[in-house]
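# Commentary on secondary and tertiary structure
Letter by letter, the chains look like this.
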Amino acid sequence: MHLVYDQVVCVTGAGGFIASWLVKLLLEKGYTVRGTVRNPDDPKNDHLKELEGAKERLVLYKADLLDYKSLCEAINGCDGVFHTASPVSEEEHMVEPAVTGSKNVIVAAAEAKVRRLVFTSSIGAVYMDPNRCPDQLIDETYWSDLDFCKNTKNWYCYGKVLAERLAWEESKLRGLDMVSISPVLVIGPLLQPTINASTGHILKYLTGAVKTYTNSVQAYVDVRDVAAAHVLLFETPAATGRHICSESSLHRGQVVETLAKYFPEYPVPTKCADEIKPRSRPLLFSNQKLKDMGLDFLPVRQCLYETVKSLQEKGHLPVSNKFFIGCSQAI
Ligand SMILES: NC(=O)c1ccc[n+]([C@@H]2O[C@H](COP(=O)([O-])OP(=O)(O)OC[C@H]3O[C@@H](n4cnc5c(N)ncnc54)[C@H](OP(=O)(O)O)[C@@H]3O)[C@@H](O)[C@H]2O)c1
């Protein structure tokens, strides 16, 4: 691995699922990292302090996306910025911090004259369009339909479209070199002690919280590939524009079958909630841009397996068979 000891980079929302792996990788590569967190003393961020190289080269900055000054303190003097922080929720109130926060980070990065900013968007900003042909290969030219997101109260996608569009406009206006990454649903091992939205999506199939699965498809990618893609985008001067980060898509039926095969001890649902309709067809996302840059994606079924092993190791899932015999009887 090529070590980079003279570079200082800022990662916003450093304690999050994706950002924690990004910070880990950056430290391993020799970068000095400034991680922004809302509360450096919160034990949920302690895992960052335990990372290899953290004592020497990681500083946590207290910063909120809506507090421009706090962001400037973390970003001034940096060579690069990875803007991953965003509220991840389906509530309407996530839109304001996602959008205003992104503008604040872009302006702070432009003022600080950083070499490049890597913007973490989402596939939610790409594919939500009722007029899209179902079997079409979706690439980086696609944008989610804002009105559709709003009318269907898909506030997460709505906020991510607005935030990414604004980020492109502001970066162009201010001469900031920006590239973006649009991951699909991110799974894989957790570094942080808490559950985030996307790992919660897998956990719910293992705890008995859901009794059926929906007739729908979802594309997945491993968190370590997402972190690697962020670094690759920063380190490749020729990279431009948006980058879909996806391994492949599975029907929910395939997800539960895989989980039940590897982990038969858990009460994984076996019934589809909507069996009458024909099975939803796979979503086809192009990951060619990142592949052409040399990124190899971990197979999705391996990611599912390692997600569950990690949920067990972190204590989110009991490993004893006895628990589940008692648990399923109680349900
Ligand atoms: N996970 C996925 O499947 C997925 C897929 C596509 C795109 N993404 C994008 O990837 C990024 C990271 O997602 P993740 O899954 O790693 O989420 P996560 O674990 O929930 O992390 C989100 C981070 O954002 C921070 N944050 C939220 N609101 C903030 C605010 N007002 N000020 C400062 N920080 C704030 C959180 O800080 P606190 O710890 O202080 O709350 C947290 O560190 C997000 O931009 C998300 O939209 C995620």
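Residues numbered from 1 in each chain as written. Predicted model: local features only at pLDDT ≥ 70, side-chain atom pairs only at ≥ 80, totals over all residues. Heavy atoms only, no water.

Under an unreviewed UniProt entry, the name given to the protein is cinnamoyl-CoA reductase, and the organism recorded is Daucus carota subsp. sativus. In its Sequence similarities (unreviewed entry) section, the UniProt record describing the protein reads: "Belongs to the NAD(P)-dependent epimerase/dehydratase family. Dihydroflavonol-4-reductase subfamily." Quoted verbatim from the Pathway (unreviewed entry) field of the UniProt record, the comment on the protein reads "Aromatic compound metabolism; phenylpropanoid biosynthesis." (UniProt positions renumbered as here; feature names shortened; annotations may be inferred.)

### Details of the UniProt feature "domain: NAD-dependent epimerase/dehydratase" (unreviewed entry) in the protein
UniProt records the feature "domain: NAD-dependent epimerase/dehydratase" (unreviewed entry) at residues 9-240, using the numbering of this structure. With 39% helix and 18% strand, residues 9-240 has its two end C-alpha atoms placed 19 Å apart. (Helix = DSSP H or I, 4+ residues; strand = E, 2+ residues; numbered from the N terminus.)

### Let's talk about the environment of Leu22
Of note, Leu22 is situated in helix H1 (residues 17-28). Considered as a pair, Leu22 and His230 are 208 residues apart in the sequence and their alpha carbons are 7.4 Å apart. Look past the residues within four positions of Leu22 in its chain and what remains in contact with it is Val11, Phe82, Thr84, Ala227, His230 and Val231. (Contact = heavy atoms within 4.5 Å.)

### Re the sheet that holds strand S1 (residues 8-12)
Here 7 strands make up an open sheet; going across it, the order is S3-S2-S1-S4-S5-S6-S10 and the pairing parallel. Each edge of the open sheet carries a strand with a single partner, namely strand S3 (58-62) and strand S10 (244-245). Seen against the sheet, helix H5 (residues 95-111) touches S1, strand S4 (80-83), strand S5 (116-120) and strand S6 (178-183) and runs at an angle of roughly 175° to S4. Here helix H9 (residues 223-235) sits on the sheet and contacts S1, S4, S5, S6 and S10; the angle it forms with S6, its principal contact strand, is near 165°. (Pairing = 2+ DSSP bridges. Axes fitted to C-alpha atoms, helices over the stretch in contact; angles between N-to-C directions.)

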